[in-house]
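Below, each chain spelled out in residue letters.
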Amino acid sequence: MKNLQTLYLLPLLALASLFIKISGSVSPRPVLTGPHMAYLNSRVAFRCTAPDSSPPVTYQLMRDGGIPIATGIDLQGDQSAPFFLKVAATSEGSYHCKATNEGGTGVSNIITLSVVIPASNTRVTAEPFPPVAYEGSRIILKCNVTRGSHLSYTWFFNRKALTSSTSPLFHLTGNELVMEQATPEHAGHYSCRAWSMVQDNTRFSSSTEVKVTVKAYVSKPNISFSIFKEGDGYQGNITCWSTRGSHPVNFSLSVDDKEVGSLTANESLTVWFLVAMVPGMDMGVARCWVKTEMQELMSEPVSLEVVPVGGDVTAEVEYLYRADSKPSAARLRCVVSRGTFPQISWLLNNSVLPSETNLDVQSQDDLTHVALANRRQTLVLTKLTSEESGYYRCRVRNSYDDSGPWVESGDVLVRVTGSLTPCLQQHLPLKQHQRLS
């Protein structure tokens with residue numbers, strides 16, 4: 001029975017084989033290759049091939065929607081059909097190909113092409129504009145282009161590239177550079193670069209630099225004054241200053257709540273005002289004011305009263321001791337009963353020392369271990385030797401009147417014995433025994 005069935009099947013198999021030979025090969029299975037991105041106005045190539053398909057094979061490149069673009073024929077077999085395309089703005093979309101031979105028609109895979117437009121006319125815009133803000137404010141810089149697509153952005157601060165990982169002061173988002181709370185460290189020159197990359201081909205457009213200014217808030221102003229003689233009268237030189245702040249700052253001076261002058265500081269944070277003064281007379285209460293577009297601050301008041309030197313002038317001395325109870329230095333102090341601007345001079349054995357041309361002198365050739373401090377009010381003998389022994393006194397007059405009389409103290413004796421034990425007259429103050437370790 002089995003042999004009989006086999007006899008019936010053999011003619012059928014032969015007929016099927018003959019049908020395949022007559023009708024040709026099976027339907028082709030094409031493969032499309034080509035770019036997924038391309039620059040505008042560039043030229044690209046798509047290739048369609050149907051491996052193991054019997055020639056001739058007709059290829060068609062198709063756009064999305066089934067629109068045919070171009071046709072090619074493979075007469076030899078296993079040959080690809082190239083399709084060259086100049087990229088326009090309308091070239092963006094999906095592409096596939098069809099392959100047809102005697103066996104039928106096959107459809108390839110789909111490639112989506114994106115058209116990349118290079119950046120052009122890149123510029124930096126700012127919020128606020130111009131980019132000038134006070135510390136703590138929010139500043140946003142944007143990298144804008146007139147034309148471009150598929151762009152990335154690189155920011156430069158003082159010509160150094162910024163990245164989110166290396167620049168925690170900045171937030172980089174898309175084409176924006178954000179300074180949430182600006183500090184003076186953010187001040188400088190900024191530029192950006194808009195760029196795109198297709199395969200290994202990079203095209204970019206760079207902006208010009210934009211200067212960002214971060215202003216510091218001005219500090220509370222200070223006030224002080226001095227006096228000098230001019231002709232037969234006197235002038236007060238009132239100084240107003242702040243320790244920090246950004247220019248410009250407007251300073252004004254008021255006396256007894258009446259404005260008497262105003263100046264704008266554009267380089268430093270110190271200004272000076274001149275007012276008439278009369279020693280011994282209360283000329284009122286002065287204040288300094290500072291004004292910016294964001295602030296208005298007032299100094300502490302100062303009384304414009306110059307008290308002339310007068311009353312008693314005394315000289316005091318104290319010795320400074322080492323840990324082994326041996327004297328190491330002496331400090332003399334000139335005590336003035338009254339006087340707003342005293343000029344103090346010291347004498348040793350009726351000779352003035354040191355040079356009166358200097359306020360604080362560290363050493364002198366004729367007395368090598370002498371130092372002055374506190375505007376000459378304190379005289380320090382940094383080493384006690386026989387050269388420092390003698391009678392000391394101080395004298396005082398008004399610093400604003402070089403022709404005025406001196407008021408002198410009594411003498412104090414500083415004498416160093418051979419064992420460096422100081423000898424004091426009984427009328428000298430004996431209150432001091434400070435030790436130095």
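Structural data are supplied above this passage.
Structure report, in brief. (Residues numbered from 1 in each chain as written. Predicted model: local features only at pLDDT ≥ 70, side-chain atom pairs only at ≥ 80, totals over all residues. Heavy atoms only, no water.)

It is worth spelling out the overall build of the chain at this point. Looking only at helices and strands, the chain has 1 helix and 38 strands in total. The burial tally for the chain puts 39% of its 437 residues in the buried class. Split by element, the accessible area of the chain, about 24600 Å² in all, is 53% carbon and sulfur. (Helix = DSSP H or I, 4+ residues; strand = E, 2+ residues; numbered from the N terminus. Buried < 20%, exposed > 50% of the residue type's maximum accessible area, 1.4 Å probe, protein only. Areas by Shrake-Rupley, 256 points an atom, 1.4 Å probe, with all protein chains shown as cover.)

The next point concerns the nonpolar core. Within the largest apolar cluster, 25 residues are counted, with the highest numbers of intra-cluster contacts made by Phe225, Phe251, Met277 and Leu304. Contributing elements (two or more residues each) for this core: strand E20 (222-230), strand E21 (233-241), strand E22 (249-255), strand E24 (270-277), strand E25 (282-291) and strand E27 (302-305). Beyond its immediate sequence surroundings of up to four residues, Leu304 is in contact with Phe225, Ile238, Val255, Met277, Met281, Asp282, Met283, Gly284 and Ala286. Formed by 24 residues, the second largest nonpolar core is a distinct cluster that contains Val313, Val317, Trp346 and Leu379. (Core = buried A, V, L, I, M, F, W, Y, C linked by side-chain atoms within 4.5 Å. Contact = heavy atoms within 4.5 Å.)

A word on the pattern of salt bridges. Think of it this way: side chains of opposite charge can pair up when their charged atoms draw near. Scanning the model with the defined rule gives 14 salt bridges in all. The partner of Glu316 in a salt bridge is Arg333, and the shortest N-O contact between them spans 3.7 Å. Remark: Arg333 occurs in strand E29 (residues 327-338) and Glu316 occurs in strand E28 (residues 310-321); sequence separation between them is 17 residues. Judged by its relative accessible area of 39%, Arg333 falls in the partly exposed class. Close ionic contact of Asp324 with Arg322 constitutes a salt bridge, the shortest N to O distance being 3.4 Å. Through salt bridges with shared partners, a single network forms among Glu127, Lys142 and Glu176. (Salt bridge = Lys/Arg side-chain N within 4 Å of Asp/Glu carboxyl O.)

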